[in-house]
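Breakdown of the fold
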Amino acid sequence: MTNNDIRSFRIEIPQADIDDLHDRLARTRWTDELSGTGWERGVPTSYLKELAGYWVEKFDWRAQEAALNAYPQFITTIDGQNVHFLHIRSAAENATPLLLIHGWPSSVADFLDLIGPLTDPKAHGGDDAPSFHLVIPSLPGHGFSGPITEAGWNDGRIAAALAELMARLGYDRYGVQGGDHGAFIGPRLGRVDSEHVLGVHANALVTFPTGDPADMAALTAAEKQRLGAMQKFQDDGSAYMKLKGSRPNTIAQLLADSPTGQLGWIIEKFKEWIDQSHELPEQAIDRDRLLTEVSIYWFTDTARSVANLYYERFHDAAMFAPKPKGTVPTGVAVFKDGDYAIRRFAEKAHNITHWSEFYAGGHFPALEVPDLLIGDIREFFASVAR
């Protein structure tokens, strides 16, 4: 065996780990609840207590494990780091290789509802739709890739590792789709591997004001509202990011020791970032799928590595340094909530060839509105010459 070998992988969480999770949840020391308050101060204890009870009594990890294991999974070592991935090939001869990149607090489980329609469109009502070979990695340091073993795993290094993964799989030309972390890493891949990336599709793309007064004056009412929402997020919703970006080890220890803490930390973001026409996270995303995401982070003990990515990003001099405009065709899907992208700003940094805005969905479209995301992926990559 060499370091370049690709090995078969199967998720098999030891029963002892499941028993330990249940024991820890049962022994949670619950905080009290301030009368007359709700989600504006964070996750209410009453809600978290009920959800933790469901996690112990009704959530079936083995069923979720089997659903993931229904797809071919592999692991390989790149730049000294294990990289786990699902690899599902389409039966169509002209299928396009497509790399799907998750963010936080997400995982490969985000994309389960996309696999069938993208790899086998005819079986899912898309007779004339394009087909894709899917590569769905757990980001280095996340999920079943396991914890990172050294510092320096920033967006650029992850992008290089994913480019190597696609080369190792024999894909000379491939597309990329991603949101959240994937919306940073996807365009970065388009820059570091432009000879092989045929197009990048992103949701939750982060765009920043250019500083040009003409650009600001030309903003539409909808764009001004989106910019205001982004400012509100920075002022009142980004504490998690600042903590992970500055003191990752501190928050990691808290999350690694308490599954209830991990549950609250993650479920708060699902609540705040889903389509806000829903009052509770499980009204937008199946409750068992939500707990699958949380369980993956818990069972893989990746809290430190997950927090570390924010630290690396915030301390990467190259991350926000001026750079030439990207040349790879880029498509952007903007969903109703938790999505702040503005086209005139995006066009300063990316070669925007496709732009869609949807009046439903939030930060997790693969989980909330998979049909909308699937349709936009198909439309964009159909427009990109191979």
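Relevant structure appears above.
This one's a predicted model, so the numbers in the text were calculated from it and none came from an experiment.

1. Describing the overall build of the protein chain
What the protein chain contains, in helices and strands, is 16 helices and 9 strands. Rg of the C-alpha trace for the protein chain: 20 Å, near the compact-globule value of 21 Å for 386 residues, within the 12% margin. Overall size of the protein chain, expressed as C-alpha extent along the three principal axes, is 55 × 55 × 45 Å. Expressed as a percentage of its 386 residues, the buried residues of the protein chain come to 56%. Summed over its atoms, the accessible surface of the protein chain is roughly 16,700 Å², and 49% of this surface lies on carbon and sulfur atoms. Placing the 36 positive and 52 negative side-chain charges of the protein chain at their respective mean positions leaves the two points 4 Å apart.

2. Re the nonpolar core
Counting 65 residues, the largest nonpolar core has Trp61 and Ile136 as the members making the most contacts within it. It is helix H12 (residues 287–300) that contributes the most residues to this core, 7 residues altogether. Once residues lying within four places of it in the same chain are set aside, the contact partners of Ile136 are His84, Phe85, Leu86, Ile88, Leu100, Val108, Phe111 and Ile115. Counting residues in each nonpolar core, the second largest holds 26 residues, with Leu139, Ala163, Leu169 and Tyr171 among its members.

3. Quick look at the side chain of Lys244
You can see Lys244 is positioned in helix H9 (residues 239–246). For the buried residue Lys244, which engages in no salt bridge, the nearest side chain bearing the opposite charge is Asp180, 7.9 Å off. Leave out the neighbours within four places in its chain, and Lys244 touches Trp104, Ile251, Trp265, Val306, Ala307, Tyr310 and Tyr311.

4. Here's the deal with the packing of aromatic side chains
Applying the stated rule across the entire model yields 19 aromatic pairs. Pairing Phe233 with Trp273 gives two aromatic rings, centres 6.5 Å apart and planes at 65°, and the pair type is edge-to-face. Of the two residues, Phe233 is situated in helix H8 (residues 221–236) and Trp273 in helix H11 (residues 259–273); the sequence distance between them amounts to 40 residues. Here the two residues Phe233 and Trp273 agree in accessibility, since each one is buried.

5. Focus: a nonpolar patch on the surface
Residues Val206, Phe208, Phe314 and Phe320 make up a contiguous nonpolar surface patch of about 360 Å² in total accessible area. For Phe320, the location among the structural elements is in the loop between helix H13 (303–314) and strand E8 (329–334).

6. Overview of the sheet that holds strand E6 (residues 174–179)
Pairing between the strands of a sheet comes from backbone hydrogen bonds, and it takes one of two forms, parallel or antiparallel. Taken in spatial order, the 9 strands of this open sheet run E1-E2-E3-E5-E4-E6-E7-E8-E9, and their pairing is mixed. Edge positions in the sheet fall to strand E1 (6–8) and strand E9 (351–357), since each of these pairs with one other strand and no more. Between one strand axis and the next, the sheet turns by 25° as a mean value, whatever way the strands run. Bridging between E1 and strand E2 (residues 73–78) involves 3 bridges; their strand directions are antiparallel. For Arg7, the partnering residue across the bridge sits in E2 and is Ile75. Docked against the sheet, helix H16 (residues 370–382) engages strand E4 (96–101), strand E5 (132–137), E6, strand E7 (197–203), E8 and E9, running at close to 150° with respect to E7.

Conventions and cut-offs
Residues numbered from 1 in each chain as written. Predicted model: local features only at pLDDT ≥ 70, side-chain atom pairs only at ≥ 80, totals over all residues. Heavy atoms only, no water. Helix = DSSP H or I, 4+ residues; strand = E, 2+ residues; numbered from the N terminus. Rg over C-alpha atoms; globule rule 2.2 N^0.38 Å. Buried < 20%, exposed > 50% of the residue type's maximum accessible area, 1.4 Å probe, protein only. Areas by Shrake-Rupley, 256 points an atom, 1.4 Å probe, with all protein chains shown as cover. Lys, Arg positive; Asp, Glu negative; His and termini not counted. Charge placed at Lys NZ, Arg CZ, Asp CG, Glu CD. Core = buried A, V, L, I, M, F, W, Y, C linked by side-chain atoms within 4.5 Å. Contact = heavy atoms within 4.5 Å. Salt bridge = Lys/Arg side-chain N within 4 Å of Asp/Glu carboxyl O. Phe/Tyr/Trp six-rings, centres within 6.5 Å; stacked < 30°, edge-to-face > 60°. Patch = residues over 30% accessible without salt bridge, like charges linked within 9 Å, V, L, I, M, F, W, Y side chains within 5 Å. Pairing = 2+ DSSP bridges. Axes fitted to C-alpha atoms, helices over the stretch in contact; angles between N-to-C directions.

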